[in-house]
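Overview (structure and organization)
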Amino acid sequence: MCGIVGYTGPREAFDILIEGLKKLEYRGYDSAGLALQDGDRIRVVKAAGSIAALEKRVRGQIKPLQVGLGHTRWATHGRPTDENAHPHLSCCGNFAVVHNGIIENYSALRDWLRDEKGHVFRSETDTEVLAHLLEEFYAGDLLEALRRTAEIVEGSYAMAALSAHEPGRLVCARKDSPLIIGLGEGENYIASDITALLSHTRRAYILEDGEFASVTAEEVKISRAGGEILQKEVFTVKWDAVAAEKGGYNHFMLKEIMEQPTAVRETLRQRIDTAAGRVNLNELNFAPEELCALEKIYIIACGTAYHAGLVGKYAIEKLAGLPVEVDLASEFRYREPILLKQKHLVITVSQSGETADTLAALRLARRKGVRVLAVTNVVGSSVAREADEVLYTRAGPEIAVASTKAYLTQLIALYLVALYLGDLRKALPSEEAARLVRDLDRLPGLLKQILAEERLSELRAYADRLARWENAFFLGRNLDYAVAMEGSLKLKEISYIHAEAYAAGELKHGPLALITEGIPVIVLATQESILDKTLSNIQEVNARGGAVFAVIPEGRGEIARQVEGAFYLPPVKDLLAPVLSAVPLQLIAYYAAVARGCSVDKPRNLAKSVTVE
Ligand code: M6R
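Residues numbered from 1 in each chain as written. Predicted model: local features only at pLDDT ≥ 70, side-chain atom pairs only at ≥ 80, totals over all residues. Heavy atoms only, no water.

**A look at the domain arrangement of the protein chain**
As far as domains go, the protein chain holds domain 1 (3-245), domain 2 (254-449) and domain 3 (452-595). Each of domain 1 and domain 2 has a C-alpha centre, and these two points are 33 Å apart. For the domain 1 and domain 2 pair, buried surface summed over both sides reaches about 1,100 Å², with 61% attributable to carbon and sulfur atoms. The largest per-residue losses of area from domain 1 upon contact with domain 2 belong to Tyr26, Trp74 and Glu104, which jointly make up 46% of the total buried on that side. The tally of links from domain 1 across to domain 2 stands at one salt bridge. Linking glutamate 104 and arginine 269 is a salt bridge whose minimum nitrogen-to-oxygen distance equals 2.5 Å. At the boundary of domain 1 and domain 2, one finds one residue pair in polar contact (both at pLDDT 80 or more). (Domains from an automatic or database assignment. Buried area = accessible area lost by both parts, 1.4 Å probe. Salt bridge = Lys/Arg side-chain N within 4 Å of Asp/Glu carboxyl O. Polar contact = N/O pair within 3.5 Å; in protein donor to acceptor, adjacent residues only side chain to side chain.)

**So, the sheet that holds strand S13 (residues 220-224)**
Strand pairing in a sheet relies on backbone hydrogen bonds, with the paired strands running either antiparallel or parallel. The antiparallel open sheet is built from seven strands, whose spatial order is S5-S6-S7-S8-S12-S13-S14. The open sheet has two edge strands, strand S5 (88-89) and strand S14 (229-230), and neither has a second partner. In this structure, S5 lies alongside strand S6 (residues 95-103), joined through two bridges in antiparallel fashion. Across the sheet, residue leucine 89 finds its bridge partner in S6, namely alanine 96. Sheet strands touched by helix H4 (residues 128-137): S5, S6 and strand S7 (155-163). Its angle to S6, the strand with the most contacts, is close to 135 degrees. (Pairing = 2+ DSSP bridges. Helix = DSSP H or I, 4+ residues; strand = E, 2+ residues; numbered from the N terminus. Contact = heavy atoms within 4.5 Å. Axes fitted to C-alpha atoms, helices over the stretch in contact; angles between N-to-C directions.)

**A look at the site of the ligand**
The ligand sits among 14 residues. The nearest are Ser350, Gln351, Ser352, Thr355 and Glu493. In this structure, a nitrogen atom belonging to the ligand sits 3.1 Å away from a main-chain N or O atom of valine 401. A distance of 2.9 Å separates an oxygen atom of the ligand from a polar atom in the side chain of lysine 490. Across the complex, the protein chains shield 91% of the 410 Å² of accessible surface that the ligand would expose by itself. Mapping the ligand onto the cavity grids shows that it belongs to the second largest pocket. Counting only elements with at least two residues in the shell around the ligand, the list comes to helix H10 (303-320) and helix H17 (479-495). Of the residues that constitute the shell around the ligand, the class distribution is five nonpolar, seven polar and two charged. (Near = heavy atom within 4 Å. Areas by Shrake-Rupley, 256 points an atom, 1.4 Å probe, with all protein chains shown as cover. 1 Å grid on protein atoms, 1.4 Å probe; cavity = no way out; pocket = protein on both sides within 12 Å on 5 of 7 lines; lining within 4 Å. Sits in = over half its atoms within 2 Å of the grid points. Nonpolar A, V, L, I, M, F, W, Y, C, P; charged D, E, K, R; others polar.)

**Side note on the environment of leucine 587**
Among the secondary structure elements, leucine 587 is positioned in helix H20 (residues 577-595). With relative accessibility at 0%, the residue leucine 587 sits in the buried group. Each C-alpha atom, one on leucine 587 and one on leucine 451, is 9.4 Å from the other, the two residues being 136 residues apart in sequence. (Buried < 20%, exposed > 50% of the residue type's maximum accessible area, 1.4 Å probe, protein only.)

**Some thoughts on empty space enclosed by the protein**
Left-over empty space is what a probe sized like a water molecule reveals as it rolls over the atoms. With the rule as written, the count across this model stands at two cavities of 30 Å³ or more. Considered as a void within the structure, the largest cavity measures approximately 70 Å³ in volume. Taken together, 13 residues line the largest cavity, and the ones lying closest to its centre are Thr76, His86, Gly101, Asp126 and Thr127. Looking at the lining of the largest cavity, the elements that each hand over two or more residues are strand S4 (67-73) and S6. Here the lining of the largest cavity gets three residues from one element, more than from any other, and that element is S6. The volume enclosed by the second largest cavity comes to roughly 40 Å³. If you go around the second largest cavity, the residues you meet are Leu284, Phe286, Leu291, Leu345, Leu373, Val417, Tyr420 and Leu421. Here the lining of the second largest cavity takes three residues from helix H14 (residues 405-424), the largest share from any one element. Looking at side-chain class alone, the lining of the second largest cavity contains eight nonpolar, no polar and no charged residues. (Points joined across faces, edges and corners; volume = space filled by probe spheres on them.)

**So, helix H16 (residues 453-466)**
In this model, H16 (14 residues) spans 20 Å end to end at C-alpha, consistent with the 20 Å of a helix rising 1.5 Å per residue. Those residues of H16 lying buried are Arg455, Leu456, Leu459, Tyr462, Ala463 and Leu466. For H16, the angular spread of buried residues about the axis comes to 130 degrees, placing them on one side. (Expected span 1.5 Å × (residues − 1). Arc of directions from axis to C-beta.)

**Some words on the packing of H4 against helix H5 (residues 142-152)**
Contact pair H4 / H5: the axes reach a minimum separation of 8 Å and the direction vectors enclose 125 degrees. In terms of orientation, H4 lies oblique with respect to H5. You can see that H4 and H5 cross each other, and the crossing is right-handed. Judged by residue contacts, Leu130, Leu133, Leu134 and Phe137 of H4 engage Ala145, Leu146, Arg148, Thr149 and Ile152 from H5. (Parallel < 35°, antiparallel > 145°, perpendicular 65-115°, else oblique. Left-handed = near helix turned anticlockwise from the far one by under 90°.)

**Comments concerning the nonpolar core**
In this structure, Ile297, Ile316, Ile347 and Leu440 are the most contacted members of the largest nonpolar core, which totals 101 residues. If one sorts the elements of this core by residue count, H14 sits on top with 13 residues. Setting aside chain neighbours within four positions, we find isoleucine 297 in contact with Ile316, Leu322, Pro323, Val324, Glu325, Leu345, Ile347 and Leu421. Counting 28 residues, the second-largest nonpolar core is a separate cluster that includes Ile51, Leu54, Ala191 and Ile194. (Core = buried A, V, L, I, M, F, W, Y, C linked by side-chain atoms within 4.5 Å.)

**Re the layout of surface pockets**
The computed volume of the second largest pocket comes to approximately 610 Å³. Along the wall of the second largest pocket there are 29 residues; nearest its centre are Gly303, Thr304, Glu493, Ala607 and Val610. Counting residues per element, the ones that place at least two in the lining of the second largest pocket are H10, strand S20 (344-350), helix H12 (356-367) and H17. Considering every element that reaches the lining of the second largest pocket, the biggest residue donor is H17, with four residues.

**Concerning the pairing of strand S18 (residues 296-301)**
Buried residues dominate S18, accounting for six of its six residues. With burial as the criterion, each face of S18 is covered, one bearing Lys296, Tyr298 and Ile300 and the other bearing Ile297, Ile299 and Ala301. Note that S18 and S20 share six bridges and pair parallel. Pairing of isoleucine 297 across the sheet is with leucine 345, part of S20. Pairing analysis gives five bridges linking S18 to strand S19 (residues 324-328), with the strands arranged parallel. If you follow isoleucine 299 over to S19, its bridge partner there is valine 326. As for the winding sense of the linkage, the β-α-β connection from S18 through H10 to S19 is right-handed. (Right-handed = clockwise from strand over helix to strand, strands pointing away.)

See the structure below:
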């Protein structure tokens, strides 16, 4: 996630680009920049920090210019620094590029450009190769150079470029990352998202994968890779500006829930090899002997990230045969944990990478000489900077306070770690590893099935009933218990319904006293190996008049007949079920909060990032 905006026309580009970038800030906000055509040269201004800071620094410093590109960045390769901010220039300074996505073969391309073609690189980004490739391939037509560039890059991109050689012209292309061309009168635009353009136009062409566009003030030409010109339909936007920012959804939370198939796919990208049946975490620089010598892992986190850690414990213990202790960072840091150098590894999990308790726990571990692996979503965050190694979740910016897509990608990151350790420590038969790798690869598709419109209405109907209650219970065993805890947190934080999660086997040891006529009890029963046990717990609740809504595997109609409502999950291995079962719980919480008129994205008393104790 990053944001792109471009303008060509008679007006001053600076204001249009800055205003557009501010509208896109929700897509990423760690650095920003502009490239403006100035006669036969390109002027680039860019800096780490917010768009407002860039604006303040630059406004009044550059003369009025009419053609340019802007970018707001969410770092994936390289920290958020001035140099790594987009746009990137080629060596001669005559080609500027902005890019959203990941160029997977950038490292090989950079070596080739540097070692064989003499190009000099200034940043750590994958994007910079695009600017150098344009310079390398340019033979009088910028669009042709972009086509040749697209031929050799692998990965995902929405990319836009301008050249000092072709004043007034912008070119762009896309693959797996959105890009549109906004249509004006005697002026035209480029944007990664219509939000950036709504105050100027509601008419746009939507670029599809493999399409290229040449954009001048007078003309927009869209073509395929081979050069064939396309006649595309103009799309007219009906959303208002606020809805557009949320991709047409009423809340960021729902948008982020819907983004989960992509977020999971991104987090797996290049880290699993389905053909070889293996996980590839070459990005981690731990020595194999170091990981083989480990005797214990601590997973440390807060809130939702802690719940992801509980699933991580099951996965690592099962696949790598290594004991794991999961701790709340706020407890861990004050309980004098036994931390043994070389024998223990600490894994901190944090979406923001700025949570004060998690950071303190990380520092404590490092002071004791224990190495730390950070699982985080924010490149360049404090946790990422201070850990020994980092495994990034690639969820993109999460705006809603209630964590959804970050949680799912944390689960994925921890499964990857478990498989990696299992392989390295020879704890996992290779056929089983291969099966799990293939199952991980299927998850984005299964998530899409769960998020289909008809499935949402089932959950909305249940949530409307739940919304009338002030108390609710979540039950589950093993992995289902970990997910029950996350479901309960989600419900209470955004709908303000008091919710408790219990290990189903604990019911008789106290909580059963709270089950009264009609009280909502959400039971997670996805673990085939212990399904019978959970079914007995459902009977215990039924016998006391509780109203059970169960999340169950497809094909288990006999369970559905014993409960008030059920949500079926597509078939998946027990170990991976949390990735799917968490989603109906997120949606139940969301719809219940909407039904109760709560402030979904910004619940009372809560902040997205808890940077104080
Ligand atoms: O940024 P972090 O992952 O470190 O944040 C941890 C918690 O504050 C966070 O997960 C919180 O519990 C969410 N509001 C849950 O939805």
